[in-house]
Structure formats: C-alpha cells, structure tokens
Amino acid sequence: MNYEKELRETGDYTEVEIQERMLRNCVKSKLIKHHELYRYPVKAELWEDLWDQCINPRGSKWVGGGHQAGADTLDEINNISYQNKSGQIKKNSVEITSHRLAKQAGPTFEDKLNFISKKHCDKYVLLSRDENDWKNNIKSYNLMIFDSKLLDFRSLVWSEHIPSKGKNKGKHNGGYIGKGDPLKFSARIDGPGSSNQLHISINIDYVGGYTKIIIP
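Residues numbered from 1 in each chain as written. Predicted model: local features only at pLDDT ≥ 70, side-chain atom pairs only at ≥ 80, totals over all residues. Heavy atoms only, no water.

Phi is positive for lysine 91, which is not a glycine, with a value near 55°. Turning to its location among the elements, lysine 91 is positioned in the loop between strand S3 (88-90) and strand S4 (93-100). Lysine 91 gets classed as exposed once you look at its relative accessible area, which sits at 81%. Even without a glycine there, the phi angle at asparagine 137 is positive, about 60°. Positionally, asparagine 137 belongs in the loop between helix H6 (131-135) and strand S6 (140-147). Using a relative accessible area of 63% as the deciding quantity, one classes asparagine 137 as exposed. (Helix = DSSP H or I, 4+ residues; strand = E, 2+ residues; numbered from the N terminus. Buried < 20%, exposed > 50% of the residue type's maximum accessible area, 1.4 Å probe, protein only.)

Moving on: the nonpolar core. Membership of the largest hydrophobic core comes to 27 residues, with the highest contact counts inside it found for Ile116, Phe153, Trp158 and Ile202. Listing elements by their share of this core, those giving two or more residues are S4, helix H5 (109-117), strand S5 (123-128), S6, strand S9 (185-189) and strand S10 (197-203). The element that contributes the greatest number of residues to this core is H5, accounting for four residues. When neighbours within four sequence positions are excluded, phenylalanine 153 is seen to be in contact with Leu113, Ile116, Ser117, Trp158, Phe185, Ala187, Leu198 and Ile200. Val27, Leu50, Tyr82 and Ile145 belong to the second largest nonpolar core, which has 18 residues in total. (Core = buried A, V, L, I, M, F, W, Y, C linked by side-chain atoms within 4.5 Å. Contact = heavy atoms within 4.5 Å.)

Below, the discussion takes up the sheet that holds S4. Strand order in the open sheet formed by six strands is S3-S4-S10-S9-S8-S7, with antiparallel pairing between adjacent strands. The open sheet is flanked by S3 and strand S7 (157-160), the only strands paired with a single partner. Taken over all neighbouring pairs, the strand axes of this sheet differ in orientation by 20° on average, direction set aside. One ladder, built from five bridges, connects S9 with S10; its direction is antiparallel. Across the sheet, arginine 188 pairs through a bridge with histidine 199, a residue of S10. (Pairing = 2+ DSSP bridges. Axes fitted to C-alpha atoms, helices over the stretch in contact; angles between N-to-C directions.)

We now examine the pattern of salt bridges. Tallied over the full model, the rule gives eight salt bridges. For the salt bridge of arginine 24 with glutamate 20, the shortest nitrogen-to-oxygen distance reads 3.8 Å. Of the two residues, arginine 24 and glutamate 20 are both situated in helix H2 (residues 15-37); the distance of four residues between them amounts to about one turn of the helix. Residue glutamate 20 is classed as buried on the basis of its relative accessible area of 16%. Between arginine 129 and glutamate 131 there is a salt bridge; the shortest N-O distance is 4.0 Å. When its relative accessible area of 7% is taken as the criterion, arginine 129 is described as buried. Accessibility expressed as a relative area gives 33% for glutamate 131, which makes it partly exposed. Taken together, the shared-partner salt bridges connect Glu20, Arg24 and Lys123 into one network. (Salt bridge = Lys/Arg side-chain N within 4 Å of Asp/Glu carboxyl O.)

Right, dumping it as structure tokens:
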C-alpha cells in the first residue's frame, strides 16, 4: 500500500497505470516465493492461480484446469477478464497458442474465423520465458499485459496452408495462415491433426513491450 500511495502522490500515473504497476509488483513477489521452493517454472494453471491471487487478493471463484474458450481469470472487483498465457520469446516476437477450434468452432474456415474474432476476454496477460536464460540457470520471466482488441484476426490476409514437405506436401492440410503487418502480429490455424489449434506470433513492441523479472 505504501507503493500505491507513493504513485498517487506523484500525480504522474493514471489509475490503470497504477493498477498495472501494483500487479507487476505482486507477480514478482509471488514468483520469488515460488522459486524459494521450486526450480520448475510457473506456467499453465500455476500461472492462472498466481495471477488470480494478485487480481483478487480477498479471494475469488476461480477454478483452474478448465481449458475454457473464454477468459481464464476474472478481476471480480473491476470486472476485467483475462486470458493467461505463457508463450515463448523469439527475437522481437512472443509466440502463444490459443483456442483449440475442432470442438469450439464449426467445420469451415469462416466458422473458425468468426469464432476467434469474437471477444473472449478483455486482456491478455503473458508470462513468457527466454529459454536461453533458463539454459544458463537464469530464472527470468517476461510479463506482458495488453488489450485483446489489438488482435484483430479479420485484419489478416488468410490463405490455405500448403506444406512444403511431409506426407501432405503440396496439398492443403486443413490449416490456414494469416499474414499481417510484421510490426503487429500474424497467426496460424493448424489442420485437424492438431485439433485446429490457433497459434499467434505477436510483435512485442506492438503490445507495449514487457517487464523483465529475474528471480534472485
């Protein structure tokens, strides 16, 4: 609370900025506590649980492991919904996997595009890792928080995915490629063999960069 008071007294931050700075501090504190016991990184349901504790410090109705199509966590005070993802940093982008469309959308490409274009959450919150750091025994995380509206899948130019190798070489395998501004994001929908899963590659600067957290 002293940190919040200090931010408010400076007058240099909006309410949203104050809230997000407090959340970043909370995440860092809980990550440090996690690694006092465990060497394994925080991801999946552990990440949802940790984040939910930060946005709902007085408790919530969160249930982990549901793999739901909508939000993973909900700020029950401010009514802000989040999808929690891990993701991998690759050069200037972060890559995440999202919806499995085999059961959640219809059979056609337009069905799938309609589904992923719906608003499933207000914000994404990513806790990604740099694998090179972890290989060198540096426990580091990259925290990103951004509005879901930045990922407008209808703004991409979509085409059928035609593999250049493998048993389906030269044939449409049921997947689709969505190309966009390289300074923003692109996407891919896998074919039926991978549950029609959605993959997204996002330019880090486009979503406002990240806060790097290194565990001492």
